[in-house]
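# Fold and geometry: a report
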Amino acid sequence: MVSGKLKKIKICVLGANGQLGQEFRCIAPEFEFMSFHFYDKKSCDIIKKSDVAKAIASHDFDYLINCAAYTAVDRAEKEVEQCYAINTQACNILVDVLSDTKIKLIHFSSDYIYHTYSGFPIREEDSKSPKGIYAKSKYDGEMILRKSNIPVLILRTSWVISSFGNNFLKTMLRLGAEKNAISVVNDQFGAPTYARHLANGVLDIITATISDPSRLDSFNDTYNFANEGIVTWYDIAKQIMNESKLECKVNPISTEEYPTPARRPNWSVLSKHKIKETYSLEIPHWYIAVKDCLLAVKMDQT
Ligand SMILES: NC(=O)c1ccc[n+]([C@@H]2O[C@H](COP(=O)([O-])OP(=O)(O)OC[C@H]3O[C@@H](n4cnc5c(N)ncnc54)[C@H](OP(=O)(O)O)[C@@H]3O)[C@@H](O)[C@H]2O)c1
C-alpha cells in the first residue's frame, strides 16, 4: 500500500495525444499519489532538444513516459528520415537531457524488432531481426537507450488497440458497418495489446517500485507486454464483428494475398513471463482486451 502522506510521484508523459498517451490521461485520476503532466507534439516536439529540455525542467519529475513515436509502419518505407528522427534520434535527445537528472525513463518498443519464428513465445533475449524502416528505427532507438547510463525500462509491445486514434479494431468497426464481407489475414500470430491495459501495467510497475524500492533494481531492463493468448488478425476481426453484432462475414486470407510495403512478422507471440514474475502483474486475456476496448469505443460515442 502507498501512504497518502507520501510526496506525490511526478510523471511527465510525452506524445500524450497518441493511443497510449491518451490512455494515460484517462487512468491518471485513479493514481492519486501520482501527479501527471502531459505534453503533446505541439507542446513538446521530441526531435527538438530545447523542447524536451524545457518540458523536463518545468517540474521536478521522477519518471518520464515516452509515448511519442512514428508509427505509420508502411509510410515509414518512404518517410525514412522522419521515422528515424522520431524513433531513433530522439532517443539521443532523451539521453542527453536526462543524463544530468535522476528521472527514470519508460520507453516503448515493438514486436517487429524480433521478426523471428520459433513456435514458442518470444523471450526478451531471443534473436532480433528487424525488417523494414519502422522496425529498424525502433530497434536502433532501443540500442541508444540501452547503451546509455540513464535508468530506462523498455516495454516491447504488439498490435496496440484503443478507443483513441486509428487502429485495427476501429478499422474493423468501420468496415463491419460498411461492408457485407471482408478479408483478414489469418497467418500472422500474436496478441493485441489494449493500450489501457498497457498504461495500467506501467503505473502498476511504478507503484511497485514506490512500495518496494528494491524493485528499482529490475527497472533498468527490457520487458515484453501484450495481452494474453495467441490469435491471428482474423480471429480478432471475428470477435469484433460478433461482439458488435455486425453482420459482416470475415474471410481468412494469407499475408501473400494482402501485400503491404513493410513486411510484418508472422510470429509476434510475446512471452510475458519476465514482466509478470518481476512485477507480479496480471495481464488480461486478449478476449477481455477486445471486449473492454469495444466498450470504451461505445462509451466515447455516447
Ligand atoms: N500502434 C501499435 O500497434 C504499436 C505496436 C507496437 C509498438 N508500438 C509502440 O507503442 C508506443 C505507443 O504507440 P501508439 O500506438 O500510442 O502510437 P500513436 O498512437 O501513433 O501515438 C504516437 C504519438 O506520438 C506523437 N508524435 C509523433 N511525432 C512526435 C514528435 N516529434 N514529438 C512529440 N510527439 C510526436 C504523435 O503525434 P501525431 O499523431 O500528431 O504525429 C502521436 O500522438 C510507440 O512507441 C510505438 O512504437 C505501437
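In the block above lies the structure referred to throughout.
So, here is what we can say about the structure in this document.

Calculation rules
- Residues numbered from 1 in each chain as written.
- Predicted model: local features only at pLDDT ≥ 70, side-chain atom pairs only at ≥ 80, totals over all residues.
- Heavy atoms only, no water.
- Helix = DSSP H or I, 4+ residues; strand = E, 2+ residues; numbered from the N terminus.
- Rg over C-alpha atoms; globule rule 2.2 N^0.38 Å.
- Contact = heavy atoms within 4.5 Å.
- Areas by Shrake-Rupley, 256 points an atom, 1.4 Å probe, with all protein chains shown as cover.
- Lys, Arg positive; Asp, Glu negative; His and termini not counted.
- Charge placed at Lys NZ, Arg CZ, Asp CG, Glu CD.
- Buried < 20%, exposed > 50% of the residue type's maximum accessible area, 1.4 Å probe, protein only.
- Core = buried A, V, L, I, M, F, W, Y, C linked by side-chain atoms within 4.5 Å.
- Axes fitted to C-alpha atoms, helices over the stretch in contact; angles between N-to-C directions.
- Parallel < 35°, antiparallel > 145°, perpendicular 65-115°, else oblique.
- Left-handed = near helix turned anticlockwise from the far one by under 90°.
- Nonpolar A, V, L, I, M, F, W, Y, C, P; charged D, E, K, R; others polar.
- Near = heavy atom within 4 Å.
- Salt bridge = Lys/Arg side-chain N within 4 Å of Asp/Glu carboxyl O.

A separate point is the overall build of the protein chain. For the protein chain, the helix and strand inventory stands at nine helices and 12 strands. The globule rule puts the C-alpha radius of gyration for 302 residues at 19 Å, and the 19 Å found for the protein chain is close to it. Structurally, the protein chain occupies a C-alpha span of about 55 × 40 × 40 Å along its principal axes. Taking the intrachain contacts of the protein chain between residues at least 6 apart in sequence as the baseline, contacts between residues at least 24 apart amount to 84%. Summing over all exposed atoms, the protein chain offers an accessible surface of approximately 14400 Å²; the carbon and sulfur share of this is 50%. Averaging the coordinates of the 37 positive side-chain charges in the protein chain and doing the same for the 36 negative ones gives two points 2 Å apart.

Here the focus is unusual backbone geometry. Most of the time, phi is negative for any residue but glycine, and the peptide bond is trans. Its identity as a non-glycine residue notwithstanding, Trp159 has a phi of 45°, on the positive side. Its place among the elements puts Trp159 in the loop between β5 (152-157) and β6 (160-161). Overall, Trp159 belongs to the buried group, its relative accessible area being 9%. Phi is positive for Lys245, close to 55°, though the residue is something other than glycine. Of note, Lys245 is situated in the loop between α7 (233-243) and β12 (249-253).

In this structure, Leu14, Val52, Leu64, Leu105 and Leu145 are the most contacted members of the largest nonpolar core, which totals 35 residues. When residues of this core are traced back to their parent elements, those giving at least two are β1 (9-14), α2 (49-57), α3 (80-98), α4 (132-147) and β5. The greatest single-element share of this core, amounting to 10 residues, is contributed by α3. Setting aside residues no more than four positions away along its own chain, Leu14 makes contact with Tyr39, Cys44, Ile46, Leu64, Ile65, Asn66, Cys67, Ala68 and Leu94. The next biggest cluster of nonpolar side chains, apart from the first, holds 34 residues, and it includes Phe36, Tyr63, Ile65 and Leu281.

For the pair α7 and helix α9 (residues 286-301), interaxial distance at closest approach is 10 Å and the crossing angle is 45°. Classified by the angle their axes make, α7 and α9 are oblique. Note that α7 runs across α9; the crossing there is right-handed. Judged by residue contacts, Asp235, Ile236, Gln239, Ile240 and Glu243 of α7 engage Trp286, Tyr287, Val290, Lys291 and Leu294 from α9. Split by residue class, the contact of α7 with α9 holds six nonpolar, one polar and three charged.

Inspection of the region around the ligand gives 22 residues, with Gln19, Asp45, Thr71, Tyr134 and Lys138 positioned closest. Relative to its unbound accessible surface of 900 Å², the ligand loses 80% to contact with the protein. Breaking the shell around the ligand down by element, the ones donating at least two residues are α1 (19-27), β4 (104-110) and α4. Broken down by element, the shell around the ligand gets its largest block of residues, three residues, from β4. Tallied by class, the residues present in the shell around the ligand amount to 11 nonpolar, seven polar and four charged.

Scanning the entire structure with this criterion turns up 14 salt bridges. A salt bridge links Asp62 to Lys7, with the nearest nitrogen and oxygen atoms 3.7 Å apart. Of this pair, Asp62 sits in the loop between α2 and β3 (63-66) while Lys7 sits in the segment before β1, placing them 55 residues apart in sequence. Of the residues examined, Lys7 reaches a relative accessible area of 52% and is grouped as exposed. Across the pair Arg123 and Glu125 runs a salt bridge, and its minimum N-O distance is 3.9 Å. Judged by its relative accessible area of 44%, Arg123 is partly exposed. Residue Glu125 is classed as exposed on the basis of its relative accessible area, which comes to 57%. Linked by salt bridges that have partners in common, Arg123, Glu125 and Asp126 make up one network.

For the pair α1 and helix α6 (residues 195-211), interaxial distance at closest approach is 8 Å and the crossing angle is 60°. Considering the relative orientation of α1 and α6, their crossing is right-handed. On α6, the residues that touch Gln19, Leu20, Glu23, Phe24, Cys26 and Ile27 of α1 are Ala195, Arg196, Leu198, Ala199, Asn200, Val202 and Leu203.

The next point concerns the environment of Ile27. Checked against the element boundaries, Ile27 lands in helix α1. We classify Ile27 as buried; its relative accessible area is 1%. C-alpha separation for the pair Ile27 and Leu203, spaced 176 residues apart in sequence, amounts to 9.2 Å. In this structure Ile27 touches Arg196, Ala199, Asn200 and Leu203, once residues within four positions along its chain are discounted.

Structural measurements only, silent on function.
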